[in-house]
Amino acid sequence: MDMNTIEAVVRTTDPADWREGDAWLAGGTVLFSYGSTAFGPEPLRRLLDLGSAGWQPVAVTAAGIELAATCTVAELYALPEKLAEEASGTADWAVNAQDWPGLDLIRPCCDSFVASFKVWNMSTVGGNLCTSLPAGPMISLCAGLDGMATVLGPAGSRRELPVADFITGDGQNALAPGELLRSVSLPASALSSRVAFRRLSLSNLGRSGVLLIGRLDGGGRFMLTVTAATKRPVQLRFASLPDAPELADELAAAIPAGLYHDDIHGLPAWRRDMTHRLAEEIRTELGMPAGAPAAVSGDFWPPQPTQTQPTRQTKRGA
Ligand SMILES: Cc1cc2nc3c(=O)[nH]c(=O)nc-3n(C[C@H](O)[C@H](O)[C@H](O)COP(=O)(O)OP(=O)(O)OC[C@H]3O[C@@H](n4cnc5c(N)ncnc54)[C@H](O)[C@@H]3O)c2cc1C
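Model, not experiment: these values are computed from the prediction.

Cut-offs applied
Residues numbered from 1 in each chain as written. Predicted model: local features only at pLDDT ≥ 70, side-chain atom pairs only at ≥ 80, totals over all residues. Helix = DSSP H or I, 4+ residues; strand = E, 2+ residues; numbered from the N terminus. Buried ≥ 20, exposed ≤ 12 C-beta atoms within 10 Å, placed from the backbone. Contact = placed C-beta atoms within 7 Å. Core = buried A, V, L, I, M, F, W, Y, C linked by C-beta atoms within 7 Å. Pairing = 2+ DSSP bridges. Axes fitted to C-alpha atoms, helices over the stretch in contact; angles between N-to-C directions. pLDDT = per-residue confidence, 0-100. Parallel < 35°, antiparallel > 145°, perpendicular 65-115°, else oblique. Left-handed = near helix turned anticlockwise from the far one by under 90°. Nonpolar A, V, L, I, M, F, W, Y, C, P; charged D, E, K, R; others polar. Near = placed C-beta within 6 Å. Domains from an automatic or database assignment.

Asker: Could you give an account of the overall build of the chain, with specific residues and numbers?
Answerer: Per the secondary structure count, the chain includes 12 helices and 14 strands. Across the 318 residues of the chain, 40% fall into the buried class. Within the chain, contacts between residues separated by at least 24 positions form 66% of all contacts whose residues are at least 6 apart in sequence.

Okay, here's the thing in structure tokens:
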């Protein structure tokens, strides 16, 4: 899409350069899809291009993984393989991939984009978080691994907040005008947990309608992150693996009806039912010994709309 209100493209990563009418430009897959009039009451006048930031896309240390906001989906997708090479001694990484089962979440989350070649290679982790769609798969990944977002402000400020709190609603986030998302840190404590992943979409290559991530850490603590089904991430934490009724009760208490997302990719009632079903699958999977074959939701993949999804007409008529 032409952005014919744009008067200048400025290469900068300095929030002090930001002024009203500016937007940070990362991969541009949203900006050039929606156009310059979709981002506020006034059309955009300048793009602040992060393309020359030169930030290292991925930094791995024993403390965890730091993803630059400009890390592309393609670069992130390559990470587990690069880390696995460490085991064979062919790569220069600080950790052994086998110590971090949480890495297993990276590829299914990237695959949840169901993206074209261009989106896959251009779109960025930061752009996905800042777009803040409920179905943002980088939001699922980073929230599910207790990611911390680092945000830079125009007055030289720097603050950190959990990714789960960074996203505040459908298309809404905690960024103030001019603030720049610099990076997301994924802590080793989360990466070293056992993980389970479940996702459903109404169509085979469709946007996520429900995406749940479960984690069980070395101390037996259980954490569940609900995304895509809800307008913002919802996290439940338990000191030990709950039983089925306790998990269902906590889910019901944490997600009021109005928090379930409602769009063409799934009705709230369907998202609620599938959230409960997938949460129970995750609980069961993580309750089994590591490596045991998991029951997956493939028995209803692709989902059967007539069985699980009331039609729009049914909903209107109800
Ligand atoms: C075919 C197609 C399929 C898609 N599928 C999905 C999908 O399944 N799920 C999904 O969530 N999205 C999807 N998208 C939307 C989009 O591609 C992704 O959200 C992508 O990750 C956005 O990243 P970007 O780098 O291209 O962002 P950009 O377009 O560069 O920016 C998006 C927004 O974020 C702001 N921004 C970017 N980086 C920063 C930063 N570091 N700090 C502050 N603000 C910043 C920009 O100013 C802009 O408002 C899809 C798009 C297309 C075209």
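Once you've had a look at it, read on.
Asker: Any chance you could break down the nonpolar core for me, citing the residues and the numbers?
Answerer: Within the largest apolar cluster, 75 residues are counted, with the highest numbers of intra-cluster contacts made by L129, C142, V163 and L212. In contact with L212, other than residues within four places in its own chain, are R198, L224, T225, V226, T275, L278, A279 and I282.

Asker: Which residues make up the sheet that holds strand β1 (residues 8–11), and what values do they have?
Answerer: Strand order in the open sheet made by the 3 strands is β1-β3-β2, with parallel pairing throughout. Only two strands of the sheet have a single neighbouring strand rather than two, namely β1 and β2 (22–25). If you compare each strand with its neighbour and ignore which way they point, the axes differ by 25° on average. Here β2 runs beside strand β3 (residues 46–49); their pairing, made up of 4 bridges, is parallel. Each residue of the ladder has a partner; that of D22, found in β3, is R46.

Asker: Give a description of the sheet that holds strand β4 (residues 58–61) that names residues and reports values.
Answerer: With respect to topology, 5 strands assemble into an open sheet ordered β4-β5-β10-β6-β7, the strand pairing being antiparallel. The sheet is open, and its two edges are formed by β4 and β7 (158–162), each paired on a single side. The average undirected angle you get between the axes of adjacent strands in this sheet is 20°. As paired strands, strand β5 (residues 64–68) and strand β10 (residues 180–187) are joined by 5 bridges and run antiparallel to one another. For I65, the partnering residue across the bridge sits in β10 and is L186.

Asker: Any chance you could break down the confidence of the model for the chain for me, citing the residues and the numbers?
Answerer: Of all residues in the chain, 89% have pLDDT values of 70 or greater, and the mean over the chain is 89. The model gives residues 298–318 a pLDDT under 50, and that stretch makes 18 contacts with residues more than four places away or in other chains.

Asker: Now, about the packing of helix α9 (residues 244–254) against helix α10 (residues 268–287): what can you tell me, with residues and values included?
Answerer: Two quantities define a packed helix pair, namely the angle between the helix axes and the distance between the axes. As a packed pair, α9 and α10 sit with axes 10 Å apart at the nearest point and diverge in direction by 140°. In terms of their interaxial angle, α9 and α10 are classed as oblique. Between α9 and α10 the crossing geometry is right-handed. Counted together, A244, L247, A248 and L251 of α9 and T275, H276, A279, E280 and R283 of α10 form the full contact between these two elements. In terms of residue class, the contact of α9 with α10 is built from 5 nonpolar, 2 polar and 2 charged.

Asker: Summarise the site of the ligand; cite the residues concerned and give the values.
Answerer: Near the ligand lie 34 residues; those nearest to it are A26, G27, T29, G127 and N128. The set of elements that each furnish at least two residues to the shell around the ligand consists of β2, α1 (31–34), α4 (117–122), α5 (125–131) and β10. Sorting elements by how many residues they give to the shell around the ligand places α5 first, with 5 residues. Shared between two domains, the shell around the ligand takes at least three residues from each, and those domains are domain 1 (8–48) and domain 2 (58–189).

Asker: Report on the environment of R198, specifying residues and quantitative values.
Answerer: Structurally, R198 is set in strand β11 (residues 194–200). R198 sits in the buried class, given 22 other C-beta atoms within 10 Å. Once the C-alpha coordinates of R198 and E281 are considered, the two residues, 83 residues apart in sequence, prove to be 8.4 Å apart.

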